[in-house]
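Listed below, chain by chain, are the residues.
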Amino acid sequence: KMQTVVFLFNTISIITNPILNHHCTAVRHAPIVLQQIRESRFAKVSEISPGARYRQMKADSIPFYEGRKIGALNTLKTQLRNVGKRQVVLITGASSGLGLYCVQKLLEGHAEKYFVICAVREPKKMHAAAEAAGIDRNDYAATELQLASFQSVKDLASDLKKSLPGGRLDRLVCNAAVYLPTDPKPRFTDDNYEMSLQVNHLGHFLLVQLLLSAVQKAKEGRVCIVGSVTGNKNTVAGSLVKPVADVGKLEGLKAGPGQEMVDGAQFYGAKAYKDAKALNMMTVLELHRRLHEKTGVVFNSMYPGCIAMTSLFREKREWFRYFFFPTLMKAIGSYVTQGEAGQRLASVITDDATKKSGVYWSWNGDAKYMGMGNAGGSGGEIFENEFSGMVRDEQLGKLAWKYSMEAVKDFL
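Rules behind the numbers
- Residues numbered from 1 in each chain as written.
- Predicted model: local features only at pLDDT ≥ 70, side-chain atom pairs only at ≥ 80, totals over all residues.
- Heavy atoms only, no water.
- Helix = DSSP H or I, 4+ residues; strand = E, 2+ residues; numbered from the N terminus.
- Buried < 20%, exposed > 50% of the residue type's maximum accessible area, 1.4 Å probe, protein only.
- Lys, Arg positive; Asp, Glu negative; His and termini not counted.
- Salt bridge = Lys/Arg side-chain N within 4 Å of Asp/Glu carboxyl O.
- Contact = heavy atoms within 4.5 Å.
- Pairing = 2+ DSSP bridges.
- Right-handed = clockwise from strand over helix to strand, strands pointing away.
- Axes fitted to C-alpha atoms, helices over the stretch in contact; angles between N-to-C directions.
- Parallel < 35°, antiparallel > 145°, perpendicular 65-115°, else oblique.
- Left-handed = near helix turned anticlockwise from the far one by under 90°.
- Nonpolar A, V, L, I, M, F, W, Y, C, P; charged D, E, K, R; others polar.
- Polar contact = N/O pair within 3.5 Å; in protein donor to acceptor, adjacent residues only side chain to side chain.
- Core = buried A, V, L, I, M, F, W, Y, C linked by side-chain atoms within 4.5 Å.

Asks: Help me understand the side chain of Arg171 in this model?
Replies: With respect to the helices and strands, the residue Arg171 is situated in strand E4 (residues 171-174). Buried and unpaired, Arg171 has no salt bridge, with Asp170 as the nearest side chain of opposite charge at 4.9 Å. Discounting chain neighbours no more than four positions away, the residues touching Arg171 are Gln87, Val88, Val89, Leu90, Glu220, Gly221, Arg222 and Ile349.

Asks: Whenever I open this one, the pairing of strand E2 (residues 114-120) confuses me. Can you help?
Replies: Looking along a regular strand, one sees the side chains alternate between the two faces of the sheet. With seven of seven residues buried, E2 lies mostly within the body of the structure. Judged from the six bridges that link them, strand E1 (residues 87-92) and E2 form a sheet pairing that is parallel. Considered in E2, the bridge of Gln87 is made with Tyr114. Regarding topology, helix H7 (residues 97-107) serves as the crossover connection from E1 to the parallel E2, and that connection is right-handed. Assessed by its sense of winding, the connection that carries the chain from E2 through helix H8 (residues 123-133) to strand E3 (residues 140-144) is right-handed.

Asks: Looking at this structure, how should I read the packing of helix H9 (residues 150-163) against helix H10 (residues 195-216)?
Replies: When two helices pack together, their arrangement is given by the angle between the helix axes and the distance between those axes. Viewed as axis vectors pointing N to C, H9 and H10 meet at an angle of 25°, and their least axial separation amounts to 10 Å. Accordingly, the angle class assigned to the pair H9 and H10 is roughly parallel. Seen along the crossing, H9 lies across H10 with a hand that is right-handed. Residue-level contacts link Phe150, Val153, Lys154, Ala157, Leu160 and Lys161 of H9 to Gln198, Leu202, Gly203, Leu206, Leu207, Leu210, Leu211 and Ser213 of H10. Among the residues making up the contact of H9 with H10, the classes are represented as nine nonpolar, three polar and two charged.

Asks: Whenever I open this one, the environment of Asp263 confuses me. Can you help?
Replies: Along the chain, Asp263 turns up in the loop between helix H12 (251-255) and helix H13 (269-295). Spatially, the C-alpha atom of Asp263 lies 5.0 Å from that of Glu251, the residues being twelve residues apart in sequence. Setting aside residues up to four positions removed in sequence, Asp263 forms contacts with Asp246, Val247, Gly248, Glu251, Gly252 and Lys271. Separated by 3.0 Å, the side chain of Asp263 and the backbone nitrogen of Ala265 make a polar contact. Only 3.0 Å separates the side chain of Asp263 from the side chain of Lys271, close enough to count as a polar contact.

Asks: Help me understand the nonpolar core, please; the structure alone is not making it clear to me.
Replies: Here is a general trend for soluble globular proteins: nonpolar side chains tend to be buried in one another's company. Core analysis: the largest hydrophobic core is formed by 70 residues, its most contacted members being Leu90, Leu169, Leu172 and Leu250. Looking at which element gives the most residues to this core, the answer is H10, with 13 residues. Residues in contact with Leu90, not counting those within four places in the same chain, are Ile117, Ala119, Leu160, Leu169, Arg171, Leu172, Val173, Leu207 and Leu211. Ala94, Leu98, Val116 and Met126 belong to the second largest nonpolar core, which has 32 residues in total.

Here is the structure:
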């Protein structure tokens, strides 16, 4: 069984390698068998043009953030009047995928206990998604957050401090992410940082810094930054599926805006995502080391399992999104539904069993035969997973904190 797993991972590593996809005709053109599978689907699925919308915005010199909309603060205040005595949870990237299902699971049967602030790129999209999911408008607020702009992060934090009842935020969940494996060259944010780095790491790093005082006012405040096995090199997915996360000595992060990769190397879309997830988990450990005893706030990370059908993979080629990836994940027992993944994230930020700080929470489920460190799949019990050596490296963690703080200092 393990030999089969290794074979499958080696296969996916070769097929999904963005460089090969770009340069190799044999890989770029789907084999006949895959074309037949694609054409035999019940409903035709149009190929998503990778990043077309954002590349066009950049080409037209349109910033990702153009300032808080008129009336945004008053709208947020109005929505937050519904909080009452409930605990307030802020979730980034809540309009789809893991974030949306976490909101749904958090409120199912517990709407009297929690109120969720959904920090999203498009509040209208959030309202539509909530309505479709049956989420009551009295149980959540939707507000704009463009993680591709430090100013947007600062503006949201400022509005929240003026709006939160008692200035208190009980839970902060940093979930939003972009994955750009097919990009042949990097795209940059309003602050001129590579997109994966800022949206996945630096934007959330700044958000935590700005809202930490509000979380400290909670009775049992928690901050959760969603991690990934792909950023953890001590797992099968993190070590065998190339490229492997490796932040080097953080030369690119140290150099600042305009750098293509965290380690100072040339751009590699899939690796940029993995490096950013590694930085997410390094941030959790550094927050724990620096602030847990001082503030009492619980800092942790979690891996929800492989949500093969999430919109995170919207920039993967269609045959990969709808055939190869879900099939592979089910074959190795790592597949988990969005609903179950959402429940897992909700439990990490609410259960008494997950109060411990500095932990990377995971579930084994159907992937047990792959070893404890290689968590994933449906079912199973929650356990304290291990961070990789690179993520645990305290000296590297201190440097990541220093360089990240340097990047956001003008917005603190």
